[in-house]
Amino acid sequence: MLYWTEGKEGLSYSKELVERIYGGISKDNICFIIEVNKNIIGECWLQQLNFHQLSSKVREMYPKTADVRRIDMCIGEKQYWGKGIGTLLIEALVEFAFNNQRVDALHCICEDYNVRSARVFEKNGFQKVLTEKLSGNGLGKYRYHLGLTKGDYNKQ
């Protein structure tokens, strides 16, 4: 999973480091491993939105008392892309967040080069709420923020 999410060829992690990374994060967040026929093909998360790491524009979107969670998802095995798996996973995470976790709003972030990611969220009712220009030499020129509130979810 770290190979896909970190995106670096030849990247290798010890079992202890992987356990420390996922063990630490999963104490306060919910992590799901995506498995097909007993093969791990990806991961998805429902986690507290890290407001302190985001721009003031994002912080101003939500009331301070709101329970805002971020959804992240990665399907690393390319042969499973374009098969609707991501759409189904996001649908299940959205339902779980609003109906079981009593979340007020969901937020996700993707960059402009990852058109499939933005489309999966839009299929599940998310709307683009902010576009930020990126600086640097990364793949993306823009970062999209997409959001879905409990009220909008209930209207669907």
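Structure: see above.
Residues numbered from 1 in each chain as written. Predicted model: local features only at pLDDT ≥ 70, side-chain atom pairs only at ≥ 80, totals over all residues. Heavy atoms only, no water.

(A) Molecular detail of the overall build of the chain. Along the backbone of the chain there are six helices and six strands. Sequence-ordered secondary structure for the chain, helices as α and strands as β, is α-α-β-β-α-β-α-β-α-β-β-α. By residue count, 37% of the 156 residues in the chain fall in the buried class. Within the chain, residue pairs in contact and separated by at least 24 positions form 57% of the contacts whose partners lie at least 6 positions apart. Split by element, the accessible area of the chain, about 9900 Å² in all, is 47% carbon and sulfur. (Helix = DSSP H or I, 4+ residues; strand = E, 2+ residues; numbered from the N terminus. Buried < 20%, exposed > 50% of the residue type's maximum accessible area, 1.4 Å probe, protein only. Contact = heavy atoms within 4.5 Å. Areas by Shrake-Rupley, 256 points an atom, 1.4 Å probe, with all protein chains shown as cover.)

(B) Structural detail: the state of the cysteines. Going through the model one piece at a time under the given rule, you end up with zero disulfides. C110 takes part in no disulfide bond, and the closest cysteine sulfur to it belongs to C108, at a distance of 6.0 Å. (Disulfide = S-S within 2.5 Å.)

(C) Looking closely at unusual backbone geometry. Even without being a glycine, N37 presents a positive backbone phi close to 50°. The phi torsion at K38 lies on the positive side, around 70°, for a residue other than glycine. Mapped onto the fold, K38 is located in the loop between β1 (30–36) and β2 (39–48). Note on K38: relative accessible area 75%, which makes it exposed.

(D) Just the sheet that holds β2, in detail. Pairing within the open sheet is mixed, and its six strands lie in the order β1-β2-β3-β4-β6-β5. Edge positions in the sheet fall to β1 and β5 (127–133), since each of these pairs with one other strand and no more. Sheet twist, expressed as the mean angle between neighbouring strand axes with direction ignored, is 25°. Here β2 runs beside strand β3 (residues 68–75); their pairing, made up of seven bridges, is antiparallel. In the sheet register, L46 faces β3, and the bridge partner there is I71. (Pairing = 2+ DSSP bridges. Axes fitted to C-alpha atoms, helices over the stretch in contact; angles between N-to-C directions.)

(E) Representation of the nonpolar core within the structure. In this structure, I71, V94, L106 and F126 are the most contacted members of the largest nonpolar core, which totals 25 residues. At the level of elements, β1, β2, β3, α4 (85–99), β4 (105–111), α5 (115–123) and β6 (142–149) are the ones that each hand at least two residues to this core. With five residues, the top contributor of residues to this core is α4. If we ignore the near neighbours within four places in the chain, the residues touching V94 are I71, L106, F126, L148 and Y153. Core analysis: the next-biggest nonpolar cluster, separate from the first, contains nine residues, L49, L54, V58 and I109 among them. (Core = buried A, V, L, I, M, F, W, Y, C linked by side-chain atoms within 4.5 Å.)

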